[in-house]
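Geometric and topological summary
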Amino acid sequence: MCGIIAYIGPNPALPRIVDGLRRMEYRGYDSAGLALAHEGKLWLRKEVGRVADLASQLRDGPESNVGIGHTRWATHGGVTQVNAHPHTDVTETIALVHNGIIDNTNPLRAMLTSQGVSFRSETDTELLAHLVRKHYDGDPVQAVRDALKHVRGTYGLAVLFAAHPDVLVAARNGSPLVVGIGQGETVLASDPQAVVAHTRRVVYLQDRELAVLTAEGVDVQTLDGDTVDSAIETLDSDYALASKEGFDHFMLKEIHEQPRSIKRALRGRIQVNEGNAKLGGLNMTPRDLVAVQRVINLGCGTSYHAGMTAAMAIEALARVPARAEIASEFRYRHPIIPRDALFFAVSQSGETADTLGAVSEVQLKGGAVMGIVNVVGSTAARTCGRGVYVHSGPEIAVASTKAFTSQVAAMLVFTLMLARCRNLSLEQGQAVASALDDIPSKVAQYLREPGPIDQAVQLIRDARYVLFLGRGYSYPVALEGALKLKEIAYVPCEGYPAGEMKHGPIAMLDPGAPVVFISPDDGQKEKAIANMMEVKARGATLICVHTKGDDEIEALADVSIPVPDTADFATPLLTVLPLQLIAYHVGLALGRDIDKPRNLAKSVTVE
Ligand code: AGP
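Bear in mind that the values here come from a model prediction, so they are computed numbers and not experimental data.

Scoring rules and cut-offs
- Residues numbered from 1 in each chain as written.
- Predicted model: local features only at pLDDT ≥ 70, side-chain atom pairs only at ≥ 80, totals over all residues.
- Heavy atoms only, no water.
- Near = heavy atom within 4 Å.
- Polar contact = N/O pair within 3.5 Å; in protein donor to acceptor, adjacent residues only side chain to side chain.
- Areas by Shrake-Rupley, 256 points an atom, 1.4 Å probe, with all protein chains shown as cover.
- Helix = DSSP H or I, 4+ residues; strand = E, 2+ residues; numbered from the N terminus.
- Domains from an automatic or database assignment.
- Salt bridge = Lys/Arg side-chain N within 4 Å of Asp/Glu carboxyl O.
- Buried < 20%, exposed > 50% of the residue type's maximum accessible area, 1.4 Å probe, protein only.
- Axes fitted to C-alpha atoms, helices over the stretch in contact; angles between N-to-C directions.
- Parallel < 35°, antiparallel > 145°, perpendicular 65-115°, else oblique.
- Left-handed = near helix turned anticlockwise from the far one by under 90°.
- Contact = heavy atoms within 4.5 Å.
- Nonpolar A, V, L, I, M, F, W, Y, C, P; charged D, E, K, R; others polar.
- Pairing = 2+ DSSP bridges.
- Phe/Tyr/Trp six-rings, centres within 6.5 Å; stacked < 30°, edge-to-face > 60°.

Once that is clear, we can look at the site of the ligand. Close to the ligand lie 14 residues, the nearest being Ser-303, Ser-347, Gln-348, Ser-349 and Thr-352. One of the side-chain N or O atoms of Thr-352 is found 2.4 Å from an oxygen atom in the ligand. Here the ligand loses 92% of its free accessible area of 410 Å² to cover by the protein chains. At the level of secondary structure, the elements contributing two or more residues to the shell around the ligand comprise α9 (301-318) and α16 (474-489). There are two domains that each give the shell around the ligand at least three residues, and those are domain 2 (250-448) and domain 3 (449-607).

Spelled out as structure tokens, the structure:
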């Protein structure tokens, strides 16, 4: 979603800001802009479209050592140059970039309008620039502080004053900001990926904090003006300069990284001999684990599907009631938070506003919530305090692939812990542990021989409608396969529990319609075959993802895609792989922007 970058130091700010904007492109955006302070004035450019479009307009940029930049993903107001950030006050000497949403936009806009301010854009951000101006009396820090006293909502913002080129003011409430402290230069960004080119020494701002940036470093205060003694942290080595490593797209690279990323999610956590597992970040003893009477996984999109998959495994192996909930629904339905429940906030980015909102709701009602998070130091990781990092490494493509399998793997590790201290014997625990341990090599084995993906692509690329079906563990995989195809290829499709198909979606099946059936050799296969017959009876074309060597399914399938055999609970880690590849190759065949699909953002930091 939106990205903020700001630079102050001895070097030219313009190329550094453009570089920061490029590094945040993967997050998804529709326009970009920047402002520099130069000789008592602001120099400002903004463009609809890609950062490259903006960069082509910057040839006459002044030599300035301070500036702010932004990639915008439209919320308030359409995708126009006027609505792009930075926004300025009426005198055009204060410029501001903002991530988040101002809740009391209407009264503030009305108040400023009544005081003679005329607005140029439809955004909520513009009013912040006018509000800062209204409170400016020569002190930039006080102006921002006073302005924010009137604001309700979420913000990560950076403010540049033409009259104060030696300082940048930033503030955070609910939208992440990280300050990089370099050698005589300071950078601010909403994403550590934009900081890492300058330094690995960072300070994460917390909610209701304000930061005063100079070339020498940062002074962090509360919004009320109290000094904050922020810890300087070192960015994880995962934050490297993102490279496609010879692949055409990040998505393809990330699909092929899965043997390694799953291995990282499992490494040091599985104890095959003991038939057990250990997750230090949870800090839970066996006594704590047996006290857990239910597990509720909260997440959005792909992370929700990972949560669904894990919930099924928890019920099957640990016999503890478990379910997944869509965070955006959960947070607003006045949920019951049972005292004996353990909640997990499942989020690759750790910045998804709906998931963070659900975490707050659980915490507010006294519940225990832990993170299943990829991005180290992210808001979810910090807010939950305890949890599990999935260690999939930075995921750059907007469509999540390796994060899904790492989330599932990490939650299966938890499942083993929970099950072992309840009802699994040593031998049963060993079987679960070694099934998990074998997954990375099986994923590699599949990716070496992915099967006839091209045949599936030919059937799907021009389809009017594609149905993804699965039962049991394969139902969330069907949802995930359909989500990937929508995101990357924009092909109309849906995922459904196979047994539910006859209650509606079967009406969509024309002769030849592609149906992707996920049917590994698990306890559900017999019933799945009955559903396949129903599909075939309507003349639909059956693309089956199944266990290698399953002649029965192969004989039924029009396109047969085998994956290696594994334990039932681990099948999603293999069956999802062909679906990721199908989405990628259909997107490619249709000429889509694979890594930055339209309208989507990598982390959805607004509701
Ligand atoms: C996945 O391909 C999507 N980009 C999206 O559904 C994503 O999983 C969702 O927005 C949740 O993101 P999170 O894991 O960062 O919280």
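Once the structure has been displayed, the description carries forward.
Counted under the stated rule, the structure contains 26 salt bridges. The partner of Arg-133 in a salt bridge is Asp-89, and the shortest N-O contact between them spans 3.3 Å. In this pair, Arg-133 is assigned in helix α4 (residues 125-134) and Asp-89 in the loop between β5 (87-88) and β6 (94-99), connecting sequence segments 44 residues apart. Asp-462 is the salt-bridge partner of Arg-461, the closest N and O atoms lying 3.6 Å from each other.

Residue position: Asp-354 is located in helix α11 (residues 353-364). A relative accessible area of 13% means that Asp-354 is categorised as buried.

Between helix α7 (residues 258-266) and helix α13 (residues 402-420), the shortest axis-to-axis distance is 9 Å and the interhelical angle comes to 30 degrees. One finds that α7 runs roughly parallel with respect to α13. The handedness of the crossing between α7 and α13 is right-handed. Listed contacts from α13 to Gln-258, Ser-261, Ile-262, Ala-265 and Leu-266 of α7 are Lys-402, Thr-405, Ser-406, Ala-409, Ala-410 and Val-413. Classifying every residue of the contact of α7 with α13 gives six nonpolar, four polar and one charged.

Spatially, β23-β22-β24-β25-β26 is the arrangement adopted by the five strands of the open sheet, whose pairing is parallel. Here the strands that pair on one side only, and so sit at the sheet edges, are β23 (493-497) and β26 (559-563). Neighbour-to-neighbour, the strand axes of this sheet turn through a mean angle of 15 degrees, independent of strand direction. In this sheet, strand β24 (residues 514-519) lies alongside strand β22 (residues 466-470) in parallel orientation, the contact comprising four bridges. Across the sheet, residue Gly-470 finds its bridge partner in β24, namely Ile-518. Against the sheet, helix α19 (residues 572-589) makes contact with β22, β24, β25 (541-547) and β26, and its axis sits at roughly 130 degrees relative to β26, the strand it touches most.

Within the structure shown, the criterion is met by three aromatic pairs. Their ring planes at 35 degrees and their centres at 5.6 Å tell us that Tyr-136 and Phe-161 sit as a pair that is tilted. Of the two residues, Tyr-136 is situated in the loop between α4 and α5 (140-148) and Phe-161 in strand β7 (residues 155-161); the sequence distance between them amounts to 25 residues. Of the residues examined, Tyr-136 reaches a relative accessible area of 21% and is grouped as partly exposed.

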